[in-house]
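Letter by letter, the chains look like this.
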Amino acid sequence: MTIMSETYASYPPLGADHDFDLDGDTLREECGVFGIFGHPDAAAITTLGLHALQHRGQEAVGMVSFDGKRFHAERKLGLVGDSFSDRAMIERLEGASAIGHVRYSTTGETVIRNVQPLFAELDGGGFAVAHNGNLTNGISLRRQLIKDGAICQSTTDTEVILHLLARSRKPRLIERFLDAVRALEGAYALVALSNKKLIGARDPLGIRPLVLGELDGKYILASETCALDMIGAKFVRDIENGEVVVISEDGVESLRPFPPCPARPCVFEYIYFARPDSIVNGRSVYEARKAFGAQLAIENPVDIDVVVPVPDSGVPAAIGYAQKAGVPYELGIIRNHYVGRTFIQPTQAIRELGVRLKHSANRAAIAGKRIVLIDDSLVRGTTSVKIVRMMREAGAKEVHFRLASPPITHPDFYGIDTPERDNLLAATHDLEAMRAYIGADSLAFLSVEGLYHALGFPGRDPHAPQLTDHCFTGDYPTPLSDLEVATPRKLSLLAEAD
C-alpha cells in the first residue's frame, strides 16, 4: 500500500493548538504490574521491577506489601523514581510479599484514589489488586453493583473486581476470585495479594501479557520479561490465556476457570508497547519489530539514499528496513529524553519552537539526501507533519514515510488509549489524503497480511484470527457491553486537588 507524488501538498494550518498537541498523537501505554511472594526484599525488588515497566505507564505508581500481620500501601503520582527511590519509602513497605503497578489512565482520571493497587478489607482479610488492561463491561457491572448497594470510591474499572469478590458467597477466597473474573469481559492481566497468597490472572484470550519468574526460589509475576531481567530473575513461563495462578508457601497452583479457547494476544505489544528486550508469548519483541521493517521494505520499496528512524519506537523497524533494502541507516532525528509533556505556548511563533523540544534534525545525516522515515504507527498524524517538515527544513531532498504497521482505523477498548474514530487519520482520510496531510513525497503502510507473515504466521485466519488486531480490521474479539451504555465511558464523580 503506497502512494507517491512528485509534489507535496501544503501543510495543514498551524494556528490550531491541536496541531501541536504532540502528546496526544501516539498510542498510550496501558499499565504494568509486578508481584513477588515470600522474599525478604519484596518492596525493593518490586520497585526495581516497576522501573523496568515504566514504559507502560508514567502517570502514577503504587505498591502494597504484607508483613504477615499488616498490609502497607504507598501510592504516588509521577514516575517510580520520583518517590520510590527514597530508602525510607521502601522501609515503610514492610513484608516479604508485595505487588506494584505503574499507570497510564485509560479509564478514570489520574488522581490518587485511582492509583493502584486498590485495597479492601474483605471477609477473610485484606486484599489488594492491580490491573493491566480494560474491562469492556466495567461500567455495566459498576452500575449494577451500585444499584445493589455498593459504594464506589474510585473511577477505575479495577474497583469492580473488589466489589465482585466481596459479593461472592463462595467460602474460599480463591473461589470468590474465580467468581469475580468469570464476570469480567475485555482484557486483563491481574496481580493480587492476600494475607496468604499472590494471585495472577490473564483474560481468556490472553490479550494482555503476564509472565511467571523465579528469584532465589521465590516466585514473581510481571507484565514483561524485561522486569525479570532487571532483577536477575529466571523466566519460568508465560501465564497462559484464561489461566489463574495461585502462589503460596505450597508453591504454584494453576487453575482454569474458563472453557479452553485459542489465545489471541494483542499485536500492539509487538508493534509498540512492550520493551524491545522483552520476550512476549515466546517471541522477541526486538526481532518482531525488525521483521516488520524488513517486510515493509519488501512490500513498499522506494529509491532513497538513507533510512531514518523516528525515535525511539521506530528504531528496530528501521534497522530491519535498511538491512532488507540494502540502504544505509542513519540517526537523522535526535530525540531529547529529558522533556516531559509538551506545553502549549501563548503565541504561534513560540508554539513552533515548542514542537522542537522532543525531536531535532541531524542535518549532517540528511541534507541533500532522499530519505525514508520509519515509524511504528500513525495515529492522528500531527507528529508526522512536524517530523516531515523538520526533515525538509534540514535540507532533505525527498522525504518518504513508511509505517511498520497497518493503518489504524478503529479505536481500542482493551487498555490502549486511542482517539475516537473521527480523530484517527486513517479512518477519515484515504491514502493520498494522508500523504498530502503529512506532506511526504510518498506514504505506505505494512499490510495486515504482511504483519502476520513477519510474526511467522502463514497469514491472517479470517475465521479465527491469531492476534487481537481490531485497530486495523475492526474485528473486536470480545463483547463491547459498555458501548451500549448511554453515558460516557469515563466516569468522574469527585474532583480532587493534586
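The rules we used
- Residues numbered from 1 in each chain as written.
- Predicted model: local features only at pLDDT ≥ 70, side-chain atom pairs only at ≥ 80, totals over all residues.
- Heavy atoms only, no water.
- Pairing = 2+ DSSP bridges.
- Helix = DSSP H or I, 4+ residues; strand = E, 2+ residues; numbered from the N terminus.
- Axes fitted to C-alpha atoms, helices over the stretch in contact; angles between N-to-C directions.
- Contact = heavy atoms within 4.5 Å.

*Asks:* Just to check I follow, could you spell out the sheet that holds strand β11 (residues 218-222) for this structure?
*Replies:* The strands that make up a sheet pair up through hydrogen bonds in the backbone, lying either parallel or antiparallel. A sheet is described by the order of its strands in space; here seven strands give the open sequence β4-β3-β5-β2-β11-β10-β12, paired in antiparallel fashion. Here the strands that pair on one side only, and so sit at the sheet edges, are β4 (71-77) and β12 (234-238). For this sheet, the mean inter-axis angle between neighbouring strands, taken without regard to orientation, is 15 degrees. As judged from the seven bridges shared by strand β3 (residues 60-66) and strand β5 (residues 97-103), these two strands associate in the antiparallel manner. By the bridge assignment for β5, V64 is matched with I99. Against the sheet, helix α1 (residues 42-52) touches β2 (31-36), β3, β5 and β10 (211-215), its axis set at about 25 degrees to β5.

*Asks:* Hey, could you run me through the sheet that holds strand β13 (residues 244-248) in this one?
*Replies:* In space, the six strands of this open sheet follow the order β6-β7-β8-β9-β13-β14, with antiparallel pairing throughout. Looking at strand neighbours, the two that pair on one side only are β6 (118-122) and β14 (251-255), the edges of this open sheet. Here the average twist between neighbouring strands, direction ignored, is 20 degrees. For β6 and strand β7 (residues 125-135), the ladder comprises five bridges, and the chain directions are antiparallel. By the bridge assignment for β7, L118 is matched with V129. Here helix α5 (residues 158-167) sits on the sheet in contact with β6, β7 and β8 (186-193), set at roughly 10 degrees to β6.

Any link to function would need more than the numbers given here.
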